[in-house]
Amino acid sequence: MRRRRDEAGTMLVEFTWLGLLLLVPLIYLMVTVFEVQREAYAATAAASAAGRAISVAGSDEEAHRQARAAVTLAYADQGIDDPRWALEVDCSPSSCLAPGAVIEVRVSSRIDLPLLPRVFGSAQPSIPVSASHTVPRGRFRSGG
């Protein structure tokens, strides 16, 4: 009888260790995927909102100020407090405010992998995330 109890106890210990060895990496992978997805949602929303903000702006200064505010708000909406994003705007023809202009907005950022130390140098292991959005500016604008 004692031998069966010992075998059951050994199996319980083995099952627990095996569960831990498999669950910890799985949970880490899930957390990483969720973080990257959150950053991707933020970048996509930021590019779209910045494009719309530029397309309705009245001046170059206002367009860039509103685009930056839209990107900041999109990242804050996803709960990313300290985003490291870059905003690029290309317009054809040369002015974003010209009637019929096509505005292309690209937002890119990097997400640090959670719980990983800096390995092989000073750079934190990270995954790049980027999104782009193209917005046409209407040909007909109100004069007032």
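Please read these numbers as outputs of a predicted model, since none were measured by experiment. (Residues numbered from 1 in each chain as written. Predicted model: local features only at pLDDT ≥ 70, side-chain atom pairs only at ≥ 80, totals over all residues. Heavy atoms only, no water.)

**Here we look at the overall build of the protein chain**
- A tally of helices and strands in the protein chain yields 2 helices and 3 strands.
- Within the protein chain, counting contacts between residues at least 6 apart in sequence, those at least 24 apart form 59% of the total.
- If you sum the accessible surface of the protein chain, you get close to 10,000 Å²; carbon and sulfur atoms cover 61% of it. (Helix = DSSP H or I, 4+ residues; strand = E, 2+ residues; numbered from the N terminus. Contact = heavy atoms within 4.5 Å. Areas by Shrake-Rupley, 256 points an atom, 1.4 Å probe, with all protein chains shown as cover.)

**Brief notes about the state of the cysteines**
- On inspection of all chains with the given rule, the structure shows 1 disulfide.
- Shown here is the disulfide that connects Cys91 with Cys96, its sulfur atoms set 1.6 Å apart. Because the sign of the S-S torsion sets the handedness, a value of about 70° for the bond joining Cys91 and Cys96 places this disulfide among the right-handed ones.
- The exposure class of Cys91 is buried, given its relative accessible area of 19%. (Disulfide = S-S within 2.5 Å. Buried < 20%, exposed > 50% of the residue type's maximum accessible area, 1.4 Å probe, protein only.)

**So, the pattern of salt bridges**
- Applying the stated criterion across every chain, the model contains 5 salt bridges.
- Across the salt bridge formed by Arg84 and Asp112, the nearest N and O atoms sit 3.0 Å from each other. Residue Arg84 is located in the loop between helix 2 (60–77) and strand 1 (85–92), and its partner Asp112 is located in strand 2 (residues 102–112); the two are separated by 28 residues in the primary sequence.
- Judged by its relative accessible area of 30%, Asp112 is partly exposed.
- Among the salt bridges present, the one from Glu104 reaches Arg106, with a minimum N-O distance of 3.1 Å.
- Its relative accessible area of 25% is what places Arg106 among the partly exposed residues.
- Bridged by salt links that share partners, the residues Glu88, Asp90, Glu104 and Arg106 form one connected network. (Salt bridge = Lys/Arg side-chain N within 4 Å of Asp/Glu carboxyl O.)

**What to know about the environment of Arg110**
- For Arg110, the position within the fold is in strand 2.
- The residues touching Arg110, leaving out its near neighbours within four places in the chain, are Glu39, Arg84, Ser126, Ile127 and Pro128.
- A distance of 3.0 Å separates polar atoms of two side chains, one belonging to Arg110 and the other to Ser126. (Polar contact = N/O pair within 3.5 Å; in protein donor to acceptor, adjacent residues only side chain to side chain.)

**Structural notes on the nonpolar core**
- If you look at the biggest cluster of nonpolar residues, it comprises 21 residues, and the most contacted ones within it are Ala46, Ile54, Val71, Tyr75, Ile103, Val105 and Val107.
- For this core, the secondary-structure elements that each account for two or more residues are helix 1 (2–55), helix 2, strand 2 and strand 3 (126–136).
- Examining the composition of this core, we find that 6 residues originate from one element, helix 1, more than from any other.
- Excluding residues within four positions of it along the chain, Val107 makes contact with Ala43, Ala46, Ala47, Val71, Tyr75, Trp85, Ala86, Leu87, Val129, Ser130 and Ala131. (Core = buried A, V, L, I, M, F, W, Y, C linked by side-chain atoms within 4.5 Å.)

**As for the side chain of Ser55**
- Mapped onto the secondary structure, Ser55 falls in helix 1.
- Polar contacts involving the side chain of Ser55 include one to the main-chain carbonyl oxygen of Arg52, which spans 2.9 Å.

**A word on the confidence of the model for the protein chain**
- Looking at the protein chain, the pLDDT average stands at 85 and 87% of residues meet or exceed 70.
- Per-element confidence in the protein chain is highest for helix 2, whose mean pLDDT is 93, and lowest for helix 1, whose mean pLDDT is 86. (pLDDT = per-residue confidence, 0-100.)

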